[in-house]
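A look at the structure
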Amino acid sequence: MSSRALPAAWRPHAERNLPRYTSYPTAVAFETAAGEAEARAWLAATLVDEAISAYVHVPFCKRLCWYCGCHTSVFHEYDRVRAFFQTLMLEVDLWAGTMGPHAGAAHLHFGGGSPNALSPGDFLVLVRHMADRFRLRPGAEIAAELDPGMLTDAFIDACGEAGVTRASLGVQTFDRDVQTRVNRVQPFDEVAAANDRLRQAGVAAINFDLMYGLPGQTPENVASSTAAAVSLRPDRVAVFGYAHVPWMKKHQVMIREADLADGDGRWAQAEAADETLLGAGYVRIGLDHYALPEDPLTVAGAAGRLRRNFQGYTDDPAPVLVPIGPSSIGRFAQGFVQNATQTDVWGREVEAGRLPIARRLAVDAEDELRAAVIERLMCDLIVDVAEVCRAHGFTDAALDGSIVAAGRLQADGLCTVAGRTIRIPDEAHRVMRVVAACFDARLPLAASRHARAV
């Protein structure tokens, strides 16, 4: 294992609270407003030759993991989830009825919470209903984020029958002590069995999510967990840093701050995962993703077609993302919308026949320009700012103030600036958000709601 430590010059940058830039502007900039009319108009304006994607948020889990930062709750009786499912079906119909002509759905993504909180039968019905109402395209991706510790054979069979093409398993760690400290115990054999059964059922691609910065984690047990994960040969691995925000997520008080590593410790843990994955033949993708050389994400990255959205890195080119379920965020050419976060508020709106929009943000040409530069930095680690400016109808010098800000980071080795081209060295990929933030004109907004850069 490398003995590389967090460079002293990078420490203050690594400790900054910054967005993950899964969008720009980021969600903290969204305005609280009922945006149903706007959402209807934006969706109806979808071009006839444009594909769409949809994200479905299932806000239920069968267990509460103490590190979780998602909008979710634990259910004890399925009647509550069944009622949610019925409302979800109504919301699908509402959105489908709002759409103008389009080129069909290229991507359906189910997240949470845990989509396998739904019964196998309800999940199958939901996927088929969306495929019909949104006109699923041939070869479309259907992806589901699953809790492997609560994954039944019946649900796996439903995934196969529904045509799920990619499953993401929330592994996080295989260290039993760390699992106990975060209330997510799932033995290696259990995950291995879920991995094998999913592939046998016809789910061709498997992703694993791993974490660093959890209580009790060390570089050694992170490396061990990562090695165990890659022994199962998932197609993709994402490695996320734990964000400790007990003032926002009250259940995180169950995690003792004394059990958490400092900035140097978090860096060493992330390095351990990185070195293990690269040593196993995976290709690093952007900030925190890794993929096998033949994976579509790797191919898209090499071709400059990598994208970044609310699900992380993707090769999905669809310009429209339809939000389904509480707290889900949608993206249209004209701006962003977010559904009501509280399940009961969301449900009342849907049952009244209204799109359940609670927050929205219209974007202007400068937002689009800055978003394009940030996306290329986050995806490619290099951007010709002048070229992007011209592509968006601006002068070469439109973002020179941001380029000057990036230039100040050169002395610390976070990037290089040559004319109007910015490059992030591979060794600085983990602090790329610091460079991207130079182009964020809205950064002062609610910094405490962002996670640490490392």
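Everything quoted here is computed from the prediction, not taken from an experiment. (Residues numbered from 1 in each chain as written. Predicted model: local features only at pLDDT ≥ 70, side-chain atom pairs only at ≥ 80, totals over all residues. Heavy atoms only, no water.)

**Focus on the overall build of the protein**
If you tally the helices and strands in the protein, you get 15 helices and 22 strands. With respect to the principal axes defined by its C-alpha atoms, the protein has extents near 55 × 55 × 40 Å. Considering only contacts within the protein whose residues lie at least 6 apart along the sequence, 74% involve residues at least 24 apart. (Helix = DSSP H or I, 4+ residues; strand = E, 2+ residues; numbered from the N terminus. Contact = heavy atoms within 4.5 Å.)

**What to know about the packing of helix 4 (residues 120–133) against helix 5 (residues 153–162)**
Contact geometry of helix 4 with helix 5 gives a least axis separation of 9 Å together with a crossing angle of 15°. Taken together, the axis directions place helix 4 and helix 5 in an arrangement best described as roughly parallel. In terms of crossing hand, the pair formed by helix 4 and helix 5 is right-handed. When helix 4 is examined against helix 5, the residues Pro120, Phe123, Leu124, Val127 and Arg128 are found in contact with a partner set consisting of Ala154, Phe155, Ala158, Cys159, Glu161 and Ala162. (Axes fitted to C-alpha atoms, helices over the stretch in contact; angles between N-to-C directions. Parallel < 35°, antiparallel > 145°, perpendicular 65-115°, else oblique. Left-handed = near helix turned anticlockwise from the far one by under 90°.)

**Focus on unusual backbone geometry**
Cis peptide bonds are those with omega within 30 degrees of zero, and the linkage from Tyr24 to Pro25 qualifies with -5°. As for its placement among the helices and strands, Pro25 is situated in the loop between strand 1 (17–18) and strand 2 (31–32). Phi at Asn183 is positive, roughly 60°, even though this residue is not glycine. Residue position: Asn183 is located in the loop between helix 6 (176–181) and helix 7 (188–200). Overall, the relative accessible area of 33% leaves Asn183 in the partly exposed class. (Buried < 20%, exposed > 50% of the residue type's maximum accessible area, 1.4 Å probe, protein only.)

**Observations concerning the pairing of strand 8 (residues 166–172)**
Each regular strand displays side chains that alternate between the two surfaces of the sheet. Counting buried positions along strand 8 gives seven out of seven residues, so the element sits mostly inside the fold. Covered by surrounding structure in strand 8 are Arg166, Ser168, Gly170 and Gln172 together with Ala167, Leu169 and Val171, the residues of both alternating faces. Note: strand 7 (residues 136–146) against strand 8, four bridges, orientation parallel. Its bridge partner being in strand 8, Glu145 is matched across the sheet by Ser168. Bridge analysis of strand 8 against strand 9 (residues 205–212) gives six bridges, and the strand direction is parallel. (Pairing = 2+ DSSP bridges.)

**Description of the sheet that holds strand 19 (residues 382–384)**
Ordered in space as 19-21-20, the three strands form an open sheet in which the pairing is antiparallel. Strands with a single pairing partner mark the edges of an open sheet, and in this sheet they are strand 19 and strand 20 (416–418). Averaged over all adjacent pairs, the angle separating strand axes in this sheet is 10°, with direction ignored. Inspection of the sheet shows strand 19 paired to strand 21 (residues 421–423) by three bridges, in the antiparallel sense. Across the sheet, Asp384 pairs through a bridge with Thr421, a residue of strand 21.

**Considerations on the environment of Asn116**
Considering the arrangement of structural elements, one finds Asn116 in the loop between strand 6 (105–112) and helix 4. From its side chain, Asn116 meets the backbone oxygen of Met150 in a polar contact 3.3 Å long. (Polar contact = N/O pair within 3.5 Å; in protein donor to acceptor, adjacent residues only side chain to side chain.)

**Quick notes on the packing of helix 2 (residues 36–44) against helix 3 (residues 78–98)**
Relative orientation of the contacting elements helix 2 and helix 3 amounts to 55°, with a least axis distance of 8 Å. Comparing the axis directions of helix 2 and helix 3 gives the class oblique. Where helix 2 approaches helix 3, its residues Ala39, Arg40, Leu43 and Ala44 are matched on the opposing element by Leu94, Trp95 and Thr98. Broken down by class, the residue content of the contact of helix 2 with helix 3 amounts to five nonpolar, one polar and one charged. (Nonpolar A, V, L, I, M, F, W, Y, C, P; charged D, E, K, R; others polar.)

**Here we look at the pairing of strand 3 (residues 52–58)**
For strand 3, the tally of buried residues reaches seven of seven residues, placing the bulk of the element in the interior. Here strand 3 shows a buried face lined by Ile52, Ala54, Val56 and Val58 and a second buried face lined by Ser53, Tyr55 and His57. Pairing between strand 3 and strand 6: seven bridges, direction parallel. Its bridge partner being in strand 6, Ala54 is matched across the sheet by Leu108. Bridge analysis of strand 3 against strand 15 (residues 320–324) gives five bridges, and the strand direction is parallel. Bridge pairing in strand 15 links Ser53 to Leu321.

**Notes on the environment of Leu277**
Inspection of the secondary structure puts Leu277 in helix 9 (residues 263–279). Contacts of Leu277, omitting those with residues within four sequence positions, involve Thr226, Val230, Val237, Val239, Tyr282 and Tyr290.

**Some words on the side chain of His289**
Relative to the helices and strands, His289 is located in strand 12 (residues 289–291). Note on His289: relative accessible area 9%, which makes it buried. In this structure the side chain of His289 is engaged in a polar contact, spanning 2.8 Å, whose partner is the side chain of Asp288. Non-local contacts of His289, meaning those with residues more than four positions away in its chain, are made with Val237, Ala238, Phe240, Val283, Arg284, Leu297 and Tyr313.

**Some thoughts on the side chain of Thr298**
As for its placement among the helices and strands, Thr298 is situated in helix 10 (residues 296–302). With relative accessibility at 11%, the residue Thr298 sits in the buried group. In this structure the side chain of Thr298 is engaged in a polar contact, spanning 2.8 Å, whose partner is the backbone oxygen of Leu292. If sequence neighbours within four positions are ignored, Thr298 has contacts with Val283, Ile285, Ala291, Leu292 and Pro293.

**Regarding helix 5**
Within the span of helix 5, buried status applies to Phe155, Ile156, Ala158, Cys159 and Ala162. Mapping the buried residues of helix 5 onto a view down its axis gives an arc of 155°, with all of them on the same face. Taken together, the buried residues of helix 5 touch helix 4, strand 7 and helix 7. Downstream of helix 5 by one or two residues, Gly163 has phi in the positive range, about 85°. (Arc of directions from axis to C-beta.)

**Thoughts on the packing of aromatic side chains**
Taken as a whole and judged by the stated rule, the model has twelve aromatic pairs. Here Trp42 and Phe332 contribute two aromatic rings whose centre-to-centre distance is 6.3 Å and whose plane-to-plane angle is 55°, an arrangement assigned as tilted. Of the two residues, Trp42 is situated in helix 2 and Phe332 in strand 16 (residues 329–332); the sequence distance between them amounts to 290 residues. The exposure classification of Trp42 matches that of Phe332, with both residues buried. Consider the rings of Phe110 and Phe123, whose centres lie 5.4 Å apart with planes at 70°: the pair is edge-to-face. Remark: Phe123 occurs in helix 4 and Phe110 occurs in strand 6; sequence separation between them is 13 residues. Aromatic rings pair up to connect Phe60, Phe75, Tyr78, Phe84 and Trp346 into one cluster. Of note, Arg308 hangs over the ring of Tyr313, and the distance from its end group to the ring centre comes to 4.4 Å. (Phe/Tyr/Trp six-rings, centres within 6.5 Å; stacked < 30°, edge-to-face > 60°. Lys NZ or Arg CZ within 6 Å of the ring centre and 35° of its normal.)

Geometric descriptors of this kind do not, in isolation, establish any biological role.
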